[in-house]
Amino acid sequence: MELGILRLLSKQLDPVTGKLSNTNGAAKVVYLAPLRALVQEKYKDWQSRYSALGVNCVELTGDSDMELHVLDAADIICTTPEKFDSATRKLNEGGGARFFGEIGLVLIDELPIASVRFLAVSATIPNIADIAVWLGAPIPEGLRVYGEEMRPCKLTTVVRSYADSKNDFLFEGRLNQHVAPLIMEFSSQKPTLVFCA
């Protein structure tokens, strides 16, 4: 588990200083354990080990309630499955769904492997076979890949590029001016998704 944490943290190393830069919850680790005692043990251990690196470790158990800003700033969240489920439902209802996009590693302690079934769904992952192997899915019977032919409505992709600006703020403002006309041009008055970097 700790090697997984270190690997994730190593992606945030500043090549010049050799120190972590911009942790502050940018790529979260979620540690799940069935017992509060296990959660508290890992929290105390990892807090003492990683706090000197600037890593923020928090404990989320039945004894504690966290505000969104505390979880946003957390790098390692130690919790029970029930508490994590409850907290993330509240976050999602409160508009905090971006939290899920910040999770870079999930660690599950005391996992009864024989009775676990993973269902992983994505519309954008190109290496689905690699993920199936990683999850231990039987191939090919455990892998389902659906192409464009399965969509009830055909998707149209339009890619446009625009000249760069002096700074990101001006560039983003210019893009905002371009979005409405593009939607009017290509949407045929139908729902439209706009993907931005």
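Further up the page is the structure itself.
This structure is a prediction, so every number in the text was calculated from the model and none was measured. (Residues numbered from 1 in each chain as written. Predicted model: local features only at pLDDT ≥ 70, side-chain atom pairs only at ≥ 80, totals over all residues. Heavy atoms only, no water.)

## Things to note about the packing of aromatic side chains
Argument step 1. Using the criterion set out here, one finds 1 aromatic pair in the structure.
Argument step 2. Between the aromatic rings of tyrosine 31 and tryptophan 46, the centroid separation amounts to 5.2 Å while the plane-to-plane angle is 80°, which identifies the pairing as edge-to-face. Of this pair, tyrosine 31 sits in strand β1 (residues 28-32) while tryptophan 46 sits in helix α2 (residues 36-50), placing them 15 residues apart in sequence.
Argument step 3. Its relative accessible area of 0% is what places tyrosine 31 among the buried residues. (Phe/Tyr/Trp six-rings, centres within 6.5 Å; stacked < 30°, edge-to-face > 60°. Helix = DSSP H or I, 4+ residues; strand = E, 2+ residues; numbered from the N terminus. Buried < 20%, exposed > 50% of the residue type's maximum accessible area, 1.4 Å probe, protein only.)

## Focus on the environment of isoleucine 131
Argument step 1. For isoleucine 131, the location among the structural elements is in helix α6 (residues 128-135).
Argument step 2. Counting along the chain gives 12 residues from isoleucine 131 to leucine 143, while the straight-line C-alpha distance between them is 9.8 Å.

## Focus on the pairing of strand β3 (residues 76-79)
Argument step 1. Neither face of β3 is exposed, since Ile76 and Cys78 on one face and Ile77 and Thr79 on the opposite face are all buried.
Argument step 2. When β1 meets β3, the two strands line up parallel, connected through 4 bridges. Directly across from leucine 32, in β3, lies its bridge partner threonine 79.
Argument step 3. Here strand β2 (residues 57-60) runs beside β3; their pairing, made up of 4 bridges, is parallel. Paired with leucine 60 across the two strands is threonine 79, which belongs to β3. (Pairing = 2+ DSSP bridges.)

## Focus: the environment of phenylalanine 84
Argument step 1. Note that phenylalanine 84 resides in helix α4 (residues 81-93).
Argument step 2. With relative accessibility at 14%, the residue phenylalanine 84 sits in the buried group.

## Side note on the sheet that holds β2
Argument step 1. Overall, parallel pairing links the 4 strands, which are arranged β2-β3-β1-β4 in an open sheet. Two strands lie at the open edges of the sheet, namely β2 and β4 (103-108), each paired on one side alone. Across this sheet, the average inter-strand angle for adjacent strands is 20°, counted without regard to direction.
Argument step 2. Relative to the sheet, helix α1 (residues 2-10) contacts β1, β3 and β4, its axis offset from that of β4 by approximately 175°. (Axes fitted to C-alpha atoms, helices over the stretch in contact; angles between N-to-C directions. Contact = heavy atoms within 4.5 Å.)

## A short note on the side chain of lysine 28
Argument step 1. Here lysine 28 shows up in strand β1.
Argument step 2. We classify lysine 28 as buried; its relative accessible area is 0%.

## Quick word on a nonpolar patch on the surface
Argument step 1. There is a patch of nonpolar side chains on the surface, built from Val106, Ile108 and Leu111 and spanning about 220 Å² of accessible area.
Argument step 2. Topologically, leucine 111 is positioned in the loop between β4 and α6.
Argument step 3. The exposure class assigned to leucine 111 is partly exposed, which follows from its relative accessible area of 31%. (Patch = residues over 30% accessible without salt bridge, like charges linked within 9 Å, V, L, I, M, F, W, Y side chains within 5 Å. Areas by Shrake-Rupley, 256 points an atom, 1.4 Å probe, with all protein chains shown as cover. Salt bridge = Lys/Arg side-chain N within 4 Å of Asp/Glu carboxyl O.)

## Quick word on unusual backbone geometry
Argument step 1. Omega for the bond connecting isoleucine 139 with proline 140 falls within 30 degrees of zero, at 10°, which places this linkage in the cis form.
Argument step 2. Turning to its location among the elements, proline 140 is positioned in the loop between α6 and α7 (168-186).
Argument step 3. Its identity as a non-glycine residue notwithstanding, serine 188 has a phi of 50°, on the positive side.
Argument step 4. Mapped onto the fold, serine 188 is located in the segment after α7.
Argument step 5. Overall, the relative accessible area of 56% leaves serine 188 in the exposed class.
Argument step 6. Its identity as a non-glycine residue notwithstanding, glutamine 189 has a phi of 60°, on the positive side.
Argument step 7. Here glutamine 189 is to be found in the segment after α7.

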